[in-house]
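For reference, the chains in residue letters:
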Amino acid sequence: MMWWLLSGFVILLLVVVYDLVQKKHAILRNYPIVGHFRYWLEMIGPELRQYIVTSNDEERPFSRDQRRWVYASSKKQNNYFGFGSDNDMDEAENYLIVKQSTFPLHMPKPDDENYDPGFSIPCAKVLGGYRQRAKAFRPTSVVNTSAMSYGSLSASAVEAINRGCALAGCMQNTGEGSISPHHLHGGELIWQIGTGYFGCRNDDGSFSLKKLKENLDRHPQVRAIELKLSQGAKAGVGGIVPGAKVTKEISQIRGVPVDADCISPPFHTAFDNPDGLLDFVEQLAEQTGLPVGIKSAVGEMEFWMELTRLMTTTNRGVDFVTIDGGEGGSGAAPLAFADHVSLPFKLGFPRVYRAFAEQGLHEQVVFVGSAKLGFPQSALFGFALGCDMVAVAREAMLAIGCIQAQRCHTGHCPTGVATQNRWLMRGLEPTSKAAQLANYLVTLRKELLMLSRACGQAHPGLITGKHIEILNGQLGSTTIAQLFGYQDGYGLPSPDDLVLIEELMRNTSTNRK
């Protein structure tokens, strides 16, 4: 009996040691032994759910099917689903249908000439091209990661995302917490500047052009600047990092005092109206040469109407517009703001796009969609609405290990993604998680191409409302034009950009048979 007990103890000890030193699974590194129960329960999950728990499409914010697709894609596992759809398409309201062509285009195969295993999809527009910014460029990927700052995410998570972006050939948005050492592992950056001006602020919290330029001189990997006006999860309010969490590193990165509350006001102090915003944008673009854009959730429309009027009547303008949906949010927010403030993406984006289109500006600006667009069909819908690129946040978190525990606001994220707890962070090994993120991003691009080519289009940016229908749950459907008042040509780049992007896609194996 003692022999069996001793053997069991030794085996248990070996499992604990293995769990602590292995780097593949964050859950096991943080919770030796106990973490195995999650994987055992997951194995019999379908049987349990079939009788006593939720269905594959009930959980929120991401369903079990959605999470399974991300997890499988990130690990290069089988991400197919069997036995047909389990959705009630004809009875579901607002159900998205992609209308395939009778004569779809060829998809690349590994033995094709010039086959691209990364499934690169360049942006159909040049970022900063219309306004001839000195450092204008064509993004090499229409899929990039959205704003998630160091502080809301752990150092390991930020590093994993940056490394993954480098592997996948896309850009990482820094979030408003400025540029940290964890952003500097090969991935190109979009530097987001929020109302706190972290990384480019004076001691009183006001904007400092001098510090902005000094920071850019140290970080040539920054390709564009994004001014955050608001975000979907907490539009209309600022943010605060309690002084107890403002470490020496955070202090240096953000340019705030150690141990003092780090506050992001609800509004900018460098400008207070659309006219001032455009002056600020042009100042940054002239001083840095970089494309400059804005990110905002959508509430009242007066701002957008005035902004587009000024862009039409003056020689000033933003280079890109990122629209966040009210359903978005990778961190913590007050419940009322998370649930009820700002329009969801599918309502907010078309209103803003139409405001630009009605002024003839839609071909001059790069549009970026953000908020649950990290799935092929959702991203394709974004492109049909007029997006030129999509930015993913929570889906990227899932790819590096997030299990949707929804404990982002507690500091006790069990997978080390959204926490500053050192023990929990150690469970997230950046190198292996970077590979998972890259796998997910490449798979998303691949399936975007599969969908667009099923519609007879070589690039997702060529998808329009005619390729999409929305079922109404009463055996009827509605088009994008009917829903959002779109005219012919809305959602497409300019004729010149169309010619260029079609030529770029012809130079790859995606058009070869």
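As a reminder, the structure under discussion sits directly above these lines.
In this report, we go over the structure that sits alongside the text.

The rules behind these values
Residues numbered from 1 in each chain as written. Predicted model: local features only at pLDDT ≥ 70, side-chain atom pairs only at ≥ 80, totals over all residues. Heavy atoms only, no water. Helix = DSSP H or I, 4+ residues; strand = E, 2+ residues; numbered from the N terminus. Expected span 1.5 Å × (residues − 1). Buried < 20%, exposed > 50% of the residue type's maximum accessible area, 1.4 Å probe, protein only. Arc of directions from axis to C-beta. Salt bridge = Lys/Arg side-chain N within 4 Å of Asp/Glu carboxyl O. Core = buried A, V, L, I, M, F, W, Y, C linked by side-chain atoms within 4.5 Å. Contact = heavy atoms within 4.5 Å. Polar contact = N/O pair within 3.5 Å; in protein donor to acceptor, adjacent residues only side chain to side chain. Phe/Tyr/Trp six-rings, centres within 6.5 Å; stacked < 30°, edge-to-face > 60°. Lys NZ or Arg CZ within 6 Å of the ring centre and 35° of its normal. Axes fitted to C-alpha atoms, helices over the stretch in contact; angles between N-to-C directions. Parallel < 35°, antiparallel > 145°, perpendicular 65-115°, else oblique. Left-handed = near helix turned anticlockwise from the far one by under 90°. Pairing = 2+ DSSP bridges. Right-handed = clockwise from strand over helix to strand, strands pointing away.

### Focus: helix α10 (residues 302-313)
Thinking step 1. Along its twelve residues, α10 runs 17 Å from first to last C-alpha, staying within 8% of the 16 Å computed at 1.5 Å per residue.
Thinking step 2. Among all positions of α10, only Phe-303, Trp-304, Leu-307, Thr-308, Leu-310 and Met-311 are buried. Take α10 and look down its axis: the buried residues cluster within an arc of 160 degrees, on one side only. Exposed and facing more than 90 degrees away from the buried side of α10 are Glu-302 and Thr-313.

### Here's the deal with the pattern of salt bridges
Opposite charge on two side chains allows them to pair when their charged atoms are near.
Thinking step 1. In total, this model carries 13 salt bridges according to the counting rule given.
Thinking step 2. One salt bridge connects Glu-188 with Arg-223, and the closest N-O pair in it is separated by 3.0 Å. Pair noted here: Glu-188 is in strand β4 (residues 188-193) and Arg-223 is in strand β5 (residues 222-228), with a separation of 35 residues, a long-range link.
Thinking step 3. Under the relative-accessibility criterion, Glu-188 is labelled partly exposed at 31%.
Thinking step 4. One salt bridge connects Glu-358 with Arg-354, and the closest N-O pair in it is separated by 3.7 Å. One end of the pair is Glu-358 and the other is Arg-354, both in helix α12 (residues 345-358) and four residues apart, which spans about a single turn.

### Some points on the nonpolar core
Thinking step 1. By size, the foremost hydrophobic cluster in this structure holds 122 residues, and its most contacted members are Ile-294, Trp-304 and Phe-356.
Thinking step 2. Considering each element in turn, this core owes the most residues, eight residues, to helix α16 (residues 430-454).
Thinking step 3. Dropping the residues within four chain positions of it, Trp-304 is found in contact with Ile-294, Ser-296, Ala-297, Val-298, Val-321, Ile-323, Val-352 and Phe-356.

### Let's talk about the side chain of Gln-172
Thinking step 1. Along the chain, the position of Gln-172 falls in strand β3 (residues 171-173).
Thinking step 2. A polar atom in the side chain of Gln-172 sits 2.8 Å from the side chain of Asn-162.
Thinking step 3. Residues contacting Gln-172, with those up to four places away along its chain left out, are Thr-145, Val-158, Ile-161, Asn-162, Cys-165, His-183, Glu-188, Leu-189 and Ile-190.

### Quick word on the packing of aromatic side chains
Thinking step 1. The final tally for this structure, using the stated rule, is 16 aromatic pairs.
Thinking step 2. For the pair Phe-349 and Tyr-353, a centre-to-centre distance of 6.0 Å together with 25 degrees between the ring planes defines the contact as stacked. With Phe-349 and Tyr-353 both in helix α12, this residue pair falls four residues apart, about one helical turn. Like Tyr-353, Phe-349 is buried.
Thinking step 3. Judged by its relative accessible area of 1%, Tyr-353 is buried.
Thinking step 4. Taken together, the aromatic side chains of Phe-345, Phe-349, Tyr-353, Phe-356, Phe-367, Phe-484, Tyr-486 and Tyr-490 make up a single cluster linked through ring pairs.
Thinking step 5. Positioned over the ring face of Phe-381 is Lys-346, at 5.4 Å from the centre of the ring.
Thinking step 6. Between the NZ or CZ atom of Arg-426 and the centre of the ring of Trp-423, over which it lies, the distance is 4.9 Å.

### Comments concerning the packing of helix α9 (residues 274-288) against α10
Thinking step 1. Two elements in contact, α9 and α10, have axes separated by 9 Å at closest approach and are oriented at 55 degrees. By the angle between their axes, α9 is oblique relative to α10. Judged by the sense of rotation from one axis to the other, the crossing of α9 with α10 is right-handed. Within the contact between the two elements, α9 uses Pro-274, Asp-275, Leu-277 and Leu-278 and α10 uses Phe-303, Glu-306, Leu-307, Leu-310 and Met-311.

### A few points about unusual backbone geometry
Thinking step 1. A positive phi is found at Lys-76, a non-glycine position, where the angle reads about 55 degrees.
Thinking step 2. Within the secondary structure layout, Lys-76 lies in the loop between α5 (64-74) and β1 (93-98).

### What to know about helix α13 (residues 376-385)
Thinking step 1. Of all ten residues that make up α13, nine are buried, and the element is covered over most of its length.
Thinking step 2. Regarding α13, the residues found buried are Pro-376, Ser-378, Ala-379, Leu-380, Phe-381, Gly-382, Phe-383, Ala-384 and Leu-385.
Thinking step 3. After α13 finishes, the residue Gly-386 shows a positive phi value of roughly 125 degrees.

### Things to note about the pairing of strand β8 (residues 292-297)
Thinking step 1. β8 sits mainly inside the fold: six of its six residues count as buried.
Thinking step 2. Going residue by residue along β8, you find Val-292, Ile-294 and Ser-296 tucked away on one face and Gly-293, Lys-295 and Ala-297 tucked away on the opposite face as well.
Thinking step 3. Pairing of β5 with β8, which is carried by four bridges, proceeds in the parallel orientation. Counted as the bridge partner of Glu-226 is Gly-293 from β8.
Thinking step 4. The pairing of β8 with strand β9 (residues 320-324) spans five bridges and is parallel. By the bridge assignment for β9, Gly-293 is matched with Phe-320.
Thinking step 5. For the crossover from β8 across α10 to β9, the handedness is right-handed.

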